[in-house]
Amino acid sequence: MYYQNPNPKEYISMVPTSAHSGEGMGNLMALLVHLSQTVLAKRLSFSEELQATVLEVKAIPGLGTTIDIVLLNGTLKEGQTMIVAGTEGPIVTQIKALLTPSKMQDLRVKNQWLEHKEIRAAQGVKIAAKELEKTVAGLNLLVANQADEVEICKEEMERRLKSALNSIKVKDRGVFVQASTLGSLEALLEFLRTSKIPVSFFFFFLILAEMLKIAKIDFYFDSTPVSKSVLWSKKM
């Protein structure tokens, strides 16, 4: 256990946590802060340059489609124009709300949200905005502070998404892979590569149970309800 570890450099510290209740997250954060302030003190520095990554896209009752992000550097403000990667191109939208969970709670746990006008790094944030349904999770979020920066940010987002997708090699014949996030897609493709299973096509979109019922195929899934990644393996 982390509180009995005589030498953290030699032994791995274990911190029990609960993803449902959030219990243990305070201990985990305290350990990370302690190690950061002692082991990484010289390497840590805050930057005003925005650095944020989209982790997940979720539909929340009363809020619509939202995105969960991790804000590493910089500051986000309500009303700013943000640009995120989408399945049909960059999505330009205005931040309607910046939300964080109650203290000692996880972003993934259903609870009451605290609304902020401005949030400074580093922490996890839920963003409510319009037209987020086709957002691709796994890439950075950009903010345009001036109107003439929107096109520049859109071009940069297109370049980043294209670079990520160009690293994926497909074959003429193989399985079809669909994933809701870039991370899920990369994990599936790595599994298929090591299993010597060719991939002919891939696509980003939220996986729905109805899709599988209509397709009438055998499938594997990594969570219930089906929301992450599905490997379409038979009866293609």
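See the structure shown above.
Described below are features of the structure shown in this document. Everything numeric in this text was worked out from a predicted model, so none of it was measured. (Residues numbered from 1 in each chain as written. Predicted model: local features only at pLDDT ≥ 70, side-chain atom pairs only at ≥ 80, totals over all residues. Heavy atoms only, no water.)

Time to look at the nonpolar core. I67, I69, L76, M82, I127 and L141 are the most contacted members of the largest nonpolar core, which totals 21 residues. Where this core is concerned, the elements lending two or more residues are β1 (51-60), β2 (64-73), β4 (81-84), β5 (91-101) and β8 (123-129). Once residues lying within four places of it in the same chain are set aside, the contact partners of I127 are T66, I67, I69, L76, M82, I95, A97, L98, L132 and L141. Formed by twelve residues, the second largest nonpolar core is a distinct cluster that contains V136, L142, A144 and V150. (Core = buried A, V, L, I, M, F, W, Y, C linked by side-chain atoms within 4.5 Å. Buried < 20%, exposed > 50% of the residue type's maximum accessible area, 1.4 Å probe, protein only. Helix = DSSP H or I, 4+ residues; strand = E, 2+ residues; numbered from the N terminus. Contact = heavy atoms within 4.5 Å.)

Take the pairing of β5 next. Among the eleven residues that make up β5, eight are buried, leaving the element largely enclosed by the rest of the structure. Bridge count for β4 against β5 is four bridges, and the pairing is antiparallel. Within β5, the position partnered with M82 by the bridge is T93. Pairing between β5 and β8: four bridges, direction antiparallel. Bridge assignment links L98 to a residue of β8, and that residue is I127. Summarising the sheet, β5 and strand β6 (residues 113-116) pair through four bridges and their orientation is antiparallel. In the sheet register, T100 faces β6, and the bridge partner there is L114. (Pairing = 2+ DSSP bridges.)

Looking now at the pattern of salt bridges. Per the stated rule, a full pass over the model turns up nine salt bridges. Note that K126 is salt-bridged to D68, the shortest N-O span being 2.7 Å. With K126 in strand β8 and D68 in strand β2, this residue pair connects regions lying 58 residues apart in the sequence. D68 shares its class with K126; the two are buried. Here K154 ties to E151 by a salt bridge, and the two come within 3.7 Å at their closest N and O atoms. Placement of the pair is K154 and E151 together in helix α2 (residues 149-166), with a separation of three residues, close to one helical turn. Residues joined by salt bridges that share partners form a network here, namely K58, D68 and K126. (Salt bridge = Lys/Arg side-chain N within 4 Å of Asp/Glu carboxyl O.)

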